[in-house]
Amino acid sequence: MTRDAHALPGVEPDAGKLGMWAFLASEVLFFGGLFVAYLYGRTHWPQGWSGASRHTDVVLGTVNTAVLLTSSALVALGAAAPARRLSARLLWSTAALGVLFLAIKGVEWHAEWRDGLVPGVDFALADTPGAEEFFALYFVMTGLHGVHMLLGIALLAVLATGARRDRPWAQARQVEVAALYWHFVDVVWIFLYPLLYLVSRHG
Amino acid sequence: MSASYLTDGLTIRSWLATTDHKRIAILYAIAITGFFFVGGAAATIIRLELATPAGDLVGHDTYNKLFTAHGVIMVWLFLIPSIPSVLGNFLLPLMIGASDLAFPRINLLSWYLYVAGGLVTLAALFLGGVDTGWTFYTPYSTMFSNTWVTLVLVGVFITGFSSIATGVNFIVTLHALRAPGLTWFKLPLFAWAIYATSLILVLATPVLAITTLLVVAERLFQVGIFDPAFGGDPLLFQHLFWFYSHPAVYVMVLPAMGVVSEVLPCFARRPVFGYRAMAWAILGIASVGFLVWGHHMFVSGQSPAASLAFSLLSFIVAIPSAIKVFNWTATLYKGAIRFDAPMLYALGFVGLFTIGGLTGLFLASLTLDVHLTDTYFVVAHFHYIMVGGAVMAYFAGLHFWWPKATGRMYHELWSRIAAVLVFVGFNLTFFPQFLLGAQGMPRRYHTYPPEFQVLNLFSSAGAGVLAIGYLMPLAYFAWSLLRGAKAGDNPFAATGIEWQTRSPPPTHNFEIPPFVPPRPYDYDAQESGPASGLEVKP
Amino acid sequence: MTTGAWHLLGPQASTAAARTDALFLAMLLLCGAVAAGLCTLVVVFSIRYRRGANVDRTPPRDATRLEVAWTLTPLVIFFGIFAWSAHDYVGEQRPPPGALPVTVVAKQWMWKLQHREGRREINELHVPRGEPVVLTMSSEDAIHSFFVPAFRLKQDVLPGRWTRLWFTATEAGEFPLFCAEYCGTEHSRMIGRIVVMPPADFGRWLRSGPAQPSRAQYGFALFRQLGCSGCHDARSTIHAPLLDGIAGRTVHLADGRSVVADDQYLRDSILVPEKDIVAGFAPVMPSFAGQVGEEDLDALVEYLHSTGSP
């Protein structure tokens, strides 16, 4: 994408990576707004918040965290792999783990729907103030995270296909940029996990 | 006509699938002009209604939908994208000696996102409209308004991605694609302004995105984030909303300041006074601008401590703007000043932005704001900055770079008449509104007590003059495209790198690598007569 | 009638207005001078240095000192303006003790007001001249804003919480009241007036209205009618906290926290009783959300304030 001479000879600023960092900055502010709403809820309804968070499935949530961390390791290896075929396999593995993550999330959501934890008319914890708001935020945060995961999986699948065929647009440079995105989605989950699953678990 | 980006492909498809930043800029210009006149039509009906105290032209609900439409369209579909997406897109690569932006296909995507968002927004307006005001305060917007709120917020959400994409593109372009030798402090101030604006776009727009999502969730699922009936807090909405919307006004005004910093030196034949201070002031405005959002909420019920902090910070953010105004004025000193249309608009900007900025100080003062907030004083204040400032600078830029972009000149006399009409009409329309606000006329009022009529009548009359001033360029720009005199490469003898290539430029901008001047704005007022290179017009 | 800043601001009818107008005038003169000065310079330079004029154009030397001067001077002036307005603003936030309390409830699209003694008004507020009045305001629906231009005062009125505004009227007469926060269809018709009367006339007016219970009396009636006294009474078989003198007292909660029983706490205890359970009591109190409107809530709280210390 960079076709022209650069400001200083010998230094080639990687436009793709810089662009991804700039985009990730906007994503931080995007999820940041939700974390502000979470903080607000936590201070406004402390009992309801911690009470509601005990109803999330901490086992599945922990499994998912392990899945995602593993996938980040795989995508980092995939970006560093010089051989395109090895890189492609690692990217497919990462995508597969991403799909597994979403499947487990789907199981969690289904269970929560079955237990009446979806905000709305038949909300099971309606007597606890703040519980409904907690679960509203839970679904919005994990939902948005899931959307980002889907986009990441699609991106990795496309790159994996291109890397397998050694396409010029699927070289190490581009995979690195995609890996950056994947790591970010992982980092968001690392913040979401303790806030949604671990708060007041000890109590 | 010799080959240029305009002749490089003559089918509609070559335009709609282009990745040439110059063509994308023109696509934006066409869309933005369309939205400007829709928003202007809403304003026309509003001013017609407000000429009399009674609500005799339209009903209450229609009026409320009109001022909402006017705000939503003008803020998100006109002011935010105008200078960055039209002038920034066209000029940034040319100003730095590059052949395109860093991500040309994302640039095209940003236009499609903008058009899609704009069409969804318009659909909401045509389906029946929205009556919440462009600020969508809760719980009115989440619980009590039975209009197309969700749809219009979806439109705004989509348009926001256009802003983010544009911002990312500009940031990377400036970091990665500057010509060899073109260091940061040799960049024209317009480039600095676009850079700072892009930082704001990338960091502030996502907060708007999440806010619109939460309002939609509240409307559809009654979750209780903003609704006190379920334990929510309406002030949380205001904080989230203004955290974006205050920096957004700097998105609107910083590029305008950048344009003025290009036009003034050219037509005064002097370098900008205090270049470094101007560059730092741009960054200062962008960063401190993130810290003042609470000055929209002094009477909202937020704590007095918060109000005190936001008031102090609001005074601080005014300092870099003041520096810029002083420096522009000093740029004129010992110049050799010409009064071409771009210069008339730029000088108009300096005067009107000064008045708008000074009235901002009134609003930053806590007790004055307690009286003046939510009155026509605020309406006048922001129109002085947005219209007297940003729109005039947009017009200055359109007129300054028109010859470069089209290869044609426009009719000089008509363009100057239009500029004067806009200046006079603008002041007639909006100055009386300061007085209305000081006397206590609240904003967003469909009907008003009769003692406010005289000033309202002046304001409506002024709007008529303003409208004529805005319509005239449609005529003489169209004429210029069909019959205008051919422009040379540099009809105004300006110093920017963009003027080193042909008018209009070839698709890849530069046939030979351009020369990077050792300093920007290398103008000399003491150069006499024809040596300045200004062409004789027929 | 006093008006502010050469009639630019209209009638000036409160103590706050006098102070605000002084600052407004100072700002007008200062900003007017700056605007006039800058515009004059632009015009003078434009004429004197127009292209073709035969004047000396040797470029000026470095002007760093000038730049520093026009950075620091505005900064100092701005701090001065901030300090002046901050001082007045802090004063506007503190109602004097003994101010006449009035409850205001805003709803689409009207103002409902009630004096402590019980007299109610719609879209009108009678007050005595020269005595401080404090408004405690809340909304039944959207956000509204109580704006009296002649007093130079404005305060948003929110649903779900109370905001406060105090003033001392200085002139007798009638002054417009506007809603200043867009609230829907008839926002521009949500207009009323403040009627300022000499204190003796006000006293007469207050006593002459239809005989009404004071807010605290009405609150006591509600306390019985809604069944609160069934549990919150020393003779009750249900174990519930006794509420005499509760207002302003420190309360120890079941989760270990201690809070002061301010108006928001009292309000929440009625609407959302599970929110803060008092230590040593079971969470059995039902919620009265939906059964008590804003005015009833205010009356109940007023009654609780009146129970004094045990």
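From a predicted model like this one, the values you see are computed outputs, not experimental measurements.

Participant: Please explain the interface of chain C and chain A as it appears in this structure.
Facilitator: Quite often, the size of an interface is put as the accessible area lost when its parts meet. Listed per partner, the contact involves five residues of chain C and five residues of chain A. On the surface where chain C and chain A come into contact, there are zero salt bridges. Between the two partners, chain C and chain A, sit one residue pair in polar contact (both at pLDDT 80 or more). Considered class by class, the residues forming the side of chain C that touches chain A number one nonpolar, no polar and four charged.

Participant: What is the right way to look at the side chain of threonine 18 of chain B in this model?
Facilitator: Residue and element names in this part refer to chain B. With respect to the helices and strands, threonine 18 occurs in the loop between helix 1 (12–16) and helix 2 (21–50). Look at threonine 18 and you get buried, because its relative accessible area is 7%. From its side chain, threonine 18 meets the backbone nitrogen of aspartate 20 in a polar contact 2.9 Å long. The contact partners of threonine 18, leaving out residues within four places of it in the chain, are Arg23, Ile24, Leu27 and Leu108.

Participant: I would appreciate a short explanation of the domain arrangement of chain C in the present structure.
Facilitator: Residue and element names in this part refer to chain C. Domain boundaries assigned for chain C yield domain 1 (1–46 + 67–212) and domain 2 (215–306). Using C-alpha coordinates to define each centre, domain 1 is positioned 34 Å away from domain 2. Taken residue by residue, the interface counts 16 residues in domain 1 and 11 residues in domain 2. Carbon and sulfur atoms supply 47% of the area buried between domain 1 and domain 2, which totals about 1,200 Å² over both sides. A per-residue breakdown of the area domain 1 buries against domain 2 is headed by Thr103, Arg116 and Trp162, which together make up 45% of the total. Between domain 1 and domain 2 we count two salt bridges in total. In this assembly, domain 1 and domain 2 are joined by eight residue pairs in polar contact (both at pLDDT 80 or more). Listed by contribution, the elements that provide at least two residues to the side of domain 1 that touches domain 2 are strand 1 (100–107), strand 2 (110–115) and strand 5 (132–139). At four residues, the largest contribution of residues to the side of domain 1 that touches domain 2 is made by strand 1. Classifying every residue of the side of domain 1 that touches domain 2 by side-chain character gives four nonpolar, seven polar and five charged.

Participant: Mind showing me how you'd approach the interface of chain C and chain B here?
Facilitator: With 70 residues of chain C at the contact, the number on the chain B side is 81 residues. Three residues, Arg51, Tyr89 and Tyr182 of chain C, lead the burial of chain C against chain B; their summed loss comes to 13% of the area buried on that side. Scanning the region where chain C abuts chain B turns up one salt bridge. One salt bridge in this structure joins lysine 334 of chain B and aspartate 56 of chain C, with 3.2 Å as the shortest N-O distance. The interface formed by chain C and chain B holds 21 residue pairs in polar contact (both at pLDDT 80 or more) in total. In the side of chain C that touches chain B, the residues fall into 40 nonpolar, 15 polar and 15 charged.

Participant: Quick question: what am I supposed to make of the layout of surface pockets here?
Facilitator: With a probe scaled to a water molecule rolled over the atoms, the places where space remains empty come into view. Of the pockets and cavities examined, the second largest pocket occupies roughly 1,400 Å³. The wall of the second largest pocket is formed by 37 residues, among which Met20, Phe23, Leu155 and Val177 of chain A together with Ile106 of chain B lie closest to the centre. The set of elements that each furnish at least two residues to the lining of the second largest pocket consists of helix 1 (15–44), helix 5 (131–164) and helix 6 (172–198) of chain A together with helix 4 (104–127), helix 6 (149–176) and helix 7 (189–221) of chain B. For the lining of the second largest pocket, the element with the highest residue contribution is helix 1 of chain A, accounting for eight residues. Here the residues of the lining of the second largest pocket sort into 27 nonpolar, six polar and four charged.

Participant: Sorry if this is basic, but what is going on with the environment of leucine 358 of chain B here?
Facilitator: Its location among the elements puts leucine 358 of chain B in helix 11 (residues 341–364). Leucine 358 of chain B sits 248 residues away from serine 110 of chain B along the chain, and the two C-alpha atoms are 35 Å apart. Discounting residues that sit within four places of it in the chain, leucine 358 of chain B has contacts with Cys31, Val34 and Ala35 of chain C.

Participant: Explanation requested: the packing of aromatic side chains in the structure shown.
Facilitator: Aromatic rings in a pair are described by how distant their centres are and how their planes are angled relative to each other. Counted by the stated rule, this structure contains 81 aromatic pairs over all chains. Centroid distance tyrosine 275 of chain B to tyrosine 521 of chain B: 6.4 Å. Interplanar angle 55 degrees. Geometry classified as tilted. One end of the pair, tyrosine 275 of chain B, is in helix 9 (residues 275–288); the other, tyrosine 521 of chain B, is in the segment after helix 15 (453–483), with 246 residues separating them in the sequence. For the residue pair tyrosine 275 of chain B and tyrosine 521 of chain B, the accessibility class agrees, reading buried in each case. Seen from their ring centres, phenylalanine 151 of chain C and phenylalanine 175 of chain C are 6.0 Å apart, and the 50 degrees between their planes marks the pair as tilted. On the criterion of sequence distance, the pair formed by phenylalanine 151 of chain C in the loop between strand 6 (144–148) and strand 7 (153–157) and phenylalanine 175 of chain C in strand 9 (residues 173–179) is long-range, its members being 24 residues apart.

Participant: Would you take a moment to explain the sheet that holds strand 10 (residues 192–197) of chain C for this structure?
Facilitator: Pairing between the strands of a sheet comes from backbone hydrogen bonds, and it takes one of two forms, parallel or antiparallel. Residues and elements named next belong to chain C. The strand order 4-10-9-6-7 describes an open sheet built from five strands, whose pairing is mixed. Because the sheet does not close on itself, it has two edges, and the strands there are strand 4 (124–128) and strand 7. Across the sheet, the axes of successive neighbouring strands diverge by a mean angle of 20 degrees, strand direction being ignored. Relative to strand 9, strand 6 runs antiparallel, the two being bridged by two bridges. If you follow phenylalanine 147 over to strand 9, its bridge partner there is phenylalanine 178.

Participant: Got a minute to help me understand a positive patch on the surface in this structure?
Facilitator: A surface patch of like charges, here positive, comprises Arg85, Arg89, Arg164, Arg165 and Arg167 of chain A. Counting through the fold element by element, arginine 85 of chain A comes out in helix 4 (residues 84–114).

Participant: Please explain the sheet that holds strand 1 of chain C as it appears in this structure.
Facilitator: Residue and element names in this part refer to chain C. The strand order across the open sheet formed by five strands is 3-2-1-5-8, and the pairing between neighbours is mixed. A strand with exactly one partner marks an edge of an open sheet, and here the two such strands are strand 3 (120–122) and strand 8 (163–168). Each strand of the sheet is rotated relative to its neighbour by a mean of 25 degrees, with strand direction disregarded. Here strand 2 runs beside strand 3; their pairing, made up of three bridges, is antiparallel. Across the sheet, the residue bridging to lysine 112 is isoleucine 122, located in strand 3. Along the sheet, helix 4 (residues 215–225) makes contact with strand 1, strand 2 and strand 3, crossing strand 1 at roughly 60 degrees.

Participant: Would you explain the pattern of salt bridges in this entry?
Facilitator: When charged atoms on two side chains of opposite charge get close, those side chains can pair. Residues and elements named next belong to chain C. In this structure the tally under the stated criterion is 24 salt bridges over all chains. A salt bridge links arginine 215 to aspartate 298; the shortest N-O distance between them is 2.8 Å. Taken together, the residues arginine 215 in helix 4 and aspartate 298 in helix 7 (residues 294–306) connect sequence positions 83 residues apart. Of the two residues, arginine 215 and aspartate 298, both sit in the buried class. Through salt bridges with shared partners, a single network forms among Lys112, Arg120, Glu140 and Glu295.

Participant: Whenever I open this one, the state of the cysteines confuses me. Can you help?
Facilitator: Formally, a disulfide is one covalent bond, and it connects the sulfur atom of one cysteine to the sulfur atom of another. Residues and elements named next belong to chain C. The full count for this structure, using the stated rule, is zero disulfides over all chains. This cysteine, cysteine 31, is not joined by any disulfide, and cysteine 39 carries the nearest cysteine sulfur, 13 Å off. No disulfide involves cysteine 228; its sulfur sits 8.8 Å from the nearest other cysteine sulfur, which is in cysteine 231.

Participant: Would you mind going over the confidence of the model for chain A with me for this structure?
Facilitator: Note: predicted coordinates in regions of low pLDDT should not be interpreted at a detailed level. Chain-level pLDDT for chain A is 87 on average; 93% of the residues reach the 70-or-more range. Note that residues 1–11 of chain A has pLDDT below 50 and, in this model, 28 contacts with residues that lie over four places away or in other chains.

Participant: Mind showing me how you'd approach helix 8 (residues 234–268) of chain B here?
Facilitator: Turn by turn, an α-helix covers 3.6 residues, leaving residues three or four places apart pointing in a common direction. Residues and elements named next belong to chain B. When the terminal C-alpha atoms of helix 8 are compared, their 51 Å separation across 35 residues agrees well with the 51 Å that a helix rising 1.5 Å per residue should span. Of all bends in helix 8, the biggest is about 30 degrees, found at tryptophan 242. Of all 35 residues in helix 8, 32 are buried, a share of seventy percent or more. At the N-terminal end of helix 8, a side-chain oxygen is found 2.8 Å from the backbone nitrogen of leucine 235, two or three residues along, and the residue is aspartate 233. Phi turns positive, to about 55 degrees, at arginine 269, one or two residues after helix 8.

Participant: Would you explain the packing of helix 6 (residues 263–271) of chain C against helix 7 of chain C in this entry?
Facilitator: For any two helices packed against each other, one specifies the crossing angle of their axes together with the interaxial distance. Residues and elements named next belong to chain C. Orientation of helix 6 relative to helix 7, taken along the N-to-C sense of each, is 120 degrees, at an axis distance of 10 Å. Considering the angle they form, helix 6 stands oblique to helix 7. In the packing of helix 6 onto helix 7, the handedness of the crossing is right-handed. In this structure, helix 6 contributes Asp263, Leu266, Arg267, Ile270 and Leu271 to the contact, and helix 7 contributes Glu294, Leu297, Leu300, Val301, Leu304 and His305.

Participant: When you look at the environment of threonine 70 of chain A in this model, what are you seeing that I'm missing?
Facilitator: Tracing the chain through its elements places threonine 70 of chain A in helix 3 (residues 58–80). It is 21 Å that separates the C-alpha atoms of threonine 70 of chain A and alanine 83 of chain A, two residues lying 13 residues apart in sequence.

Participant: Is there a simple way to think about the nonpolar core in this case?
Facilitator: As a rule of thumb, soluble globular proteins bury nonpolar side chains together. Counting residues in each nonpolar core, the largest one holds 322 residues, and the members touching the most others are Trp76 of chain B together with Trp111, Leu135, Phe146 and Phe151 of chain C. Ignoring anything within four residues of it in the chain, the contact list for leucine 135 of chain C reads Val102, Val104, Leu125, Phe146, Thr163, Arg164, Leu165 and Phe167 of chain C. Among the nonpolar cores identified, the runner-up in size contains 23 residues, and Trp162, Val259, Leu271 and Leu300 of chain C belong to it.

Criteria and cut-off values
Residues numbered from 1 in each chain as written. Chains lettered and ligands numbered in written order. Predicted model: local features only at pLDDT ≥ 70, side-chain atom pairs only at ≥ 80, totals over all residues. Heavy atoms only, no water. Contact = heavy atoms within 4.5 Å. Salt bridge = Lys/Arg side-chain N within 4 Å of Asp/Glu carboxyl O. Polar contact = N/O pair within 3.5 Å; in protein donor to acceptor, adjacent residues only side chain to side chain. Nonpolar A, V, L, I, M, F, W, Y, C, P; charged D, E, K, R; others polar. Helix = DSSP H or I, 4+ residues; strand = E, 2+ residues; numbered from the N terminus. Buried < 20%, exposed > 50% of the residue type's maximum accessible area, 1.4 Å probe, protein only. Domains from an automatic or database assignment. Buried area = accessible area lost by both parts, 1.4 Å probe. 1 Å grid on protein atoms, 1.4 Å probe; cavity = no way out; pocket = protein on both sides within 12 Å on 5 of 7 lines; lining within 4 Å. Points joined across faces, edges and corners; volume = space filled by probe spheres on them. Phe/Tyr/Trp six-rings, centres within 6.5 Å; stacked < 30°, edge-to-face > 60°. Pairing = 2+ DSSP bridges. Axes fitted to C-alpha atoms, helices over the stretch in contact; angles between N-to-C directions. Patch = residues over 30% accessible without salt bridge, like charges linked within 9 Å, V, L, I, M, F, W, Y side chains within 5 Å. Areas by Shrake-Rupley, 256 points an atom, 1.4 Å probe, with all protein chains shown as cover. Lys, Arg positive; Asp, Glu negative; His and termini not counted. Charge placed at Lys NZ, Arg CZ, Asp CG, Glu CD. Disulfide = S-S within 2.5 Å. pLDDT = per-residue confidence, 0-100. Expected span 1.5 Å × (residues − 1). Bend = angle between axes of the 7 residues up to and from the residue. Parallel < 35°, antiparallel > 145°, perpendicular 65-115°, else oblique. Left-handed = near helix turned anticlockwise from the far one by under 90°. Core = buried A, V, L, I, M, F, W, Y, C linked by side-chain atoms within 4.5 Å.

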